[in-house]
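In case you want the letters, here they are:
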Amino acid sequence: QVQLVESGGGLVPSGGSLRLSCAASGGTFSRYGMGWFRQAPGKDREFVASINWSGSATNYRDSVQGRFTISRDNAKNTVYLQMNSLKPEDTGVYLCAQSRTGYQAQTALYEYITWGQGTQVTIPS
């Protein structure tokens, strides 16, 4: 079964940028869609961005559209989330996940079957 490890989180000022990485091992990375989710203290986990197996399809939540970019490198078994113009409301633990399917960039949490441990992103207000 695939294992996912996120990295790249940190504390940056409002307006700053971060690039998150999610490295996969032990499974077939290139066949499946990948997603990024986030969870703030006391709030439900929410969808952020997703990408299909080839990178030809992506989806974003409305509040990050135009600021975040998801991409993947199947040769490196890694998915990325470039986050620009960060805001305090972007604060949370960011988790990557592998979808049960490959052709679509899924947005629903229940479509994802394997999760990483997460990386903390903090944008002070």
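Above this text is the structure in question.
Residues numbered from 1 in each chain as written. Predicted model: local features only at pLDDT ≥ 70, side-chain atom pairs only at ≥ 80, totals over all residues. Heavy atoms only, no water.

Chemist: So what's going on with the sheet that holds strand 8 (residues 78-83)? Residues and values would help.
Modeler: Across the sheet, which stays open at both edges, the four strands sit in the order 1-3-8-7 with antiparallel pairing between neighbours. One side of each edge strand has no neighbouring strand; the edge strands of this open sheet are strand 1 (3-7) and strand 7 (68-73). The average angle at which neighbouring strand axes cross in this sheet is 15 degrees, direction not considered. As paired strands, strand 3 (residues 18-25) and strand 8 are joined by six bridges and run antiparallel to one another. Residue pairing in the sheet places leucine 18 in a bridge with methionine 83 of strand 8. (Pairing = 2+ DSSP bridges. Helix = DSSP H or I, 4+ residues; strand = E, 2+ residues; numbered from the N terminus. Axes fitted to C-alpha atoms, helices over the stretch in contact; angles between N-to-C directions.)

Chemist: Can you lay out the pattern of salt bridges for me, pointing to particular residues and giving the numbers?
Modeler: With the rule as written, the count across this model stands at five salt bridges. A salt bridge links arginine 38 to aspartate 90; the nearest nitrogen and oxygen atoms lie 2.9 Å apart. Of the two residues, arginine 38 sits in strand 4 (residues 34-39) while aspartate 90 sits in the loop between strand 8 and strand 9 (92-99), which places them 52 residues apart along the sequence. Overall, the relative accessible area of 5% leaves arginine 38 in the buried class. Within this structure, Arg38, Glu46, Arg61, Arg67 and Asp90 form a network of salt bridges that share partners. (Salt bridge = Lys/Arg side-chain N within 4 Å of Asp/Glu carboxyl O. Buried < 20%, exposed > 50% of the residue type's maximum accessible area, 1.4 Å probe, protein only.)

Chemist: How would you summarise the pairing of strand 3 if you had to cite specific residues and measurements?
Modeler: Pairing geometry for strand 1 and strand 3, over five bridges, is antiparallel. Paired with serine 7 across the strands is serine 21, a residue of strand 3.

Chemist: Describe the packing of aromatic side chains, and please don't skip the residues or the numbers.
Modeler: All told, the structure shown has four aromatic pairs when counted by the stated rule. What links up through ring pairs into an aromatic cluster is the set Phe37, Phe47, Tyr112 and Trp115. Over the aromatic face of tyrosine 80 sits the side chain of arginine 19, whose NZ or CZ is 4.0 Å from the ring centroid. A cation over a ring is seen here: arginine 72 above phenylalanine 29, with NZ or CZ 4.4 Å from the ring centre. (Phe/Tyr/Trp six-rings, centres within 6.5 Å; stacked < 30°, edge-to-face > 60°. Lys NZ or Arg CZ within 6 Å of the ring centre and 35° of its normal.)

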